[in-house]
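Structural features, examined
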Amino acid sequence: MLTLIQYEMKKTAFMKILCFSALLIAQAFVLLGGATDNYVVLGLGAGLLIFFSFLIFFILGLSSMASLSKDLNTTQGYMLFMLPKHSACFLLAKIIESLISTFLAGVLVFLLFSFNVVYFSLDMEFYQDAFELFWNLLMSGKGFGELSLYVIRFLSTAAAFWIFLSTMAILCVTIQASLFKGKALALVVSLVAFLFLFLYLFSALPELAYKISWKYSDQVFYAMIVILSIGFFALSSYLLEKKRNF
């Protein structure tokens, strides 16, 4: 599994370099504008930094979808059909690689924005509230234990949503490659199907969870997210394994 994850990281290394370079260029504009008191350059850099930050999360989040599509629709995925491993291993490696890359990108973006806030001495209410929350957790008597629990809950929730989206995207690509390989605009159709499915589920699931149990609607909602993620992953693995046996 570790070898597969490393292989996926190598395949997407160039894309990560481009993303990292875009952030550094935007940050350079911010620093240049601040050093020269050029507010046009500063505003341009800040706008680019915000835009690239969101774009990078989107790109890295769907990297598993793009990588799998390339494997299934080009000769790049030849090893996918030859190695004596179950298809679930390949899919899991893609999801883990995407999750790790997205987490590291999130850390980098957080550090960049925090640096800019401190460097330019910005008075931002969001950071004040975050600092007060952090301080209250430390001084609450339970200290780092409660803070650690809060961080773990936040990261677990974010990871659950990310895995849900990744497994949904992988299922759309797998269906496209299994049933509509070689068809014109098939990948575009699978991407559109993913977006519609995403919008539908995220509007329908909370309402369904509330109907099942209004008192424990959050717990029911997260349980459905986990169950659907497992179902998407299992169905994708089955379709891909069947495709390998053609």
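First, a word on what this report is: a plain description of the structure on this page. (Residues numbered from 1 in each chain as written. Predicted model: local features only at pLDDT ≥ 70, side-chain atom pairs only at ≥ 80, totals over all residues. Heavy atoms only, no water.)

Thoughts on the packing of helix H3 (residues 39-61) against helix H6 (residues 87-119)
Contact geometry for H3 and H6: axes closest at 9 Å, N-to-C directions at 170 degrees. By the angle between their directions, the pair H3 and H6 is classed as roughly antiparallel. From H3, Leu49, Ile50, Ser53, Ile56, Phe57, Leu60 and Gly61 reach across to H6, where they touch Ser98, Ser101, Thr102, Ala105, Gly106, Val109, Leu112, Phe113 and Asn116. Here the contact of H3 with H6 is built from residues that sort into nine nonpolar, seven polar and no charged. (Axes fitted to C-alpha atoms, helices over the stretch in contact; angles between N-to-C directions. Helix = DSSP H or I, 4+ residues; strand = E, 2+ residues; numbered from the N terminus. Parallel < 35°, antiparallel > 145°, perpendicular 65-115°, else oblique. Contact = heavy atoms within 4.5 Å. Nonpolar A, V, L, I, M, F, W, Y, C, P; charged D, E, K, R; others polar.)

Remarks on the packing of aromatic side chains
Within this structure, the stated rule accounts for eight aromatic pairs. Here the aromatic residues Phe161, Phe164, Phe198, Phe202, Phe221, Tyr222 and Phe232 are joined through ring pairs into a cluster of three or more. (Phe/Tyr/Trp six-rings, centres within 6.5 Å; stacked < 30°, edge-to-face > 60°.)

What about a nonpolar patch on the surface?
A contiguous nonpolar patch, built from Met9, Ile100, Phe103, Leu104, Val107, Phe110, Leu111, Phe154 and Leu155 and spanning about 850 Å² of accessible area, is present on the exposed surface. For the nonpolar patch, the secondary structure elements donating two or more residues are H6 and helix H8 (144-179). Ranked by residue count, the leading element in the nonpolar patch is H6, at six residues. Following the sequence through the fold, Phe110 ends up in helix H6. (Patch = residues over 30% accessible without salt bridge, like charges linked within 9 Å, V, L, I, M, F, W, Y side chains within 5 Å. Areas by Shrake-Rupley, 256 points an atom, 1.4 Å probe, with all protein chains shown as cover. Salt bridge = Lys/Arg side-chain N within 4 Å of Asp/Glu carboxyl O.)

Observations concerning the environment of Ala26
In this fold, Ala26 is placed in helix H2 (residues 13-36). The class of Ala26 is buried, set by a relative accessible area of 0%. Considering only alpha carbons, one finds Ala26 and Phe52, 26 residues apart in sequence, at a separation of 8.1 Å. Contacts of Ala26, omitting those with residues within four sequence positions, involve Gly45, Leu48, Leu49 and Phe52. (Buried < 20%, exposed > 50% of the residue type's maximum accessible area, 1.4 Å probe, protein only.)

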